[in-house]
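Structural description and commentary
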Amino acid sequence: LIQSEVERFFGISHEDMISSKRSKNIAFARHIAIYLSRYHTEESLESIGKKFGGRDHTTVMHSVSKIEADQKDNRKLFDEIEQLTIRIKSNS
C-alpha cells in the first residue's frame, strides 16, 4: 500500500521503485516510501529492505535518516509526507 501510494503520488512505476535506478526523482520517492514503511509498519529494517528490491538494512537506515533530516528544513517535503500519510491511513 505504501509503495503504491508513493508511486502514484510521484508518478513512478513499481519497477522503478524496487529497481537499482538512482536517478534523483526515483531515489527521492524510494527514500520517502522507505521512511513511511519504517514509521507506519512494524516491519524490521531487513524486511523493509527486501520489499524494496533486496536492499540492505543499512540502506533503509540511510533513507530514514535522510528524510528525517531533510523534512526539518523543507516544509514542502514535510507537507508531502503528511499528504501521503493521510492517503495511506485512509486506504488501510
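Residues numbered from 1 in each chain as written. Predicted model: local features only at pLDDT ≥ 70, side-chain atom pairs only at ≥ 80, totals over all residues. Heavy atoms only, no water.

1. Notes on the layout of surface pockets
- Taken as a whole, the largest pocket spans an internal volume of roughly 200 Å³.
- Considering the residues around the largest pocket, the lining is formed by Leu-1, Ile-2, Gln-3, Ser-37, His-40, Thr-41, Glu-43, Ile-48, Lys-51, Phe-52, Ile-88 and Lys-89.
- The set of elements that each furnish at least two residues to the lining of the largest pocket consists of helix 1 (2-10), helix 3 (24-40), helix 4 (45-51) and helix 6 (75-91).
- Of the residues that constitute the lining of the largest pocket, the class distribution is 5 nonpolar, 4 polar and 3 charged. (1 Å grid on protein atoms, 1.4 Å probe; cavity = no way out; pocket = protein on both sides within 12 Å on 5 of 7 lines; lining within 4 Å. Points joined across faces, edges and corners; volume = space filled by probe spheres on them. Helix = DSSP H or I, 4+ residues; strand = E, 2+ residues; numbered from the N terminus. Nonpolar A, V, L, I, M, F, W, Y, C, P; charged D, E, K, R; others polar.)

2. Notes on the nonpolar core
- Formed by 21 residues in total, the largest nonpolar core has its most connected members in Val-6, Ile-32, Leu-36 and Ile-81.
- At the level of secondary structure, the elements contributing two or more residues to this core comprise helix 1, helix 3, helix 4, helix 5 (57-73) and helix 6.
- Counting residues per element, this core draws most heavily on helix 3, which supplies 7 residues.
- The residues contacting Val-6, other than those within four sequence positions of it, are Met-17, Ala-29, Ile-32, Ala-33, Leu-36 and Leu-84. (Core = buried A, V, L, I, M, F, W, Y, C linked by side-chain atoms within 4.5 Å. Buried < 20%, exposed > 50% of the residue type's maximum accessible area, 1.4 Å probe, protein only. Contact = heavy atoms within 4.5 Å.)

3. Focus on the packing of helix 1 against helix 3
- Two elements in contact, helix 1 and helix 3, have axes separated by 9 Å at closest approach and are oriented at 145°. The element helix 1 and its partner helix 3 pack so that their crossing is right-handed. Seen from helix 1, the contacting residues are Ile-2, Val-6 and Phe-10; seen from helix 3, they are Phe-28, Ala-29, Ile-32, Ala-33, Leu-36, Ser-37 and His-40.
- Split into classes, the residues belonging to the contact of helix 1 with helix 3 amount to 8 nonpolar, 2 polar and no charged. (Axes fitted to C-alpha atoms, helices over the stretch in contact; angles between N-to-C directions. Left-handed = near helix turned anticlockwise from the far one by under 90°.)

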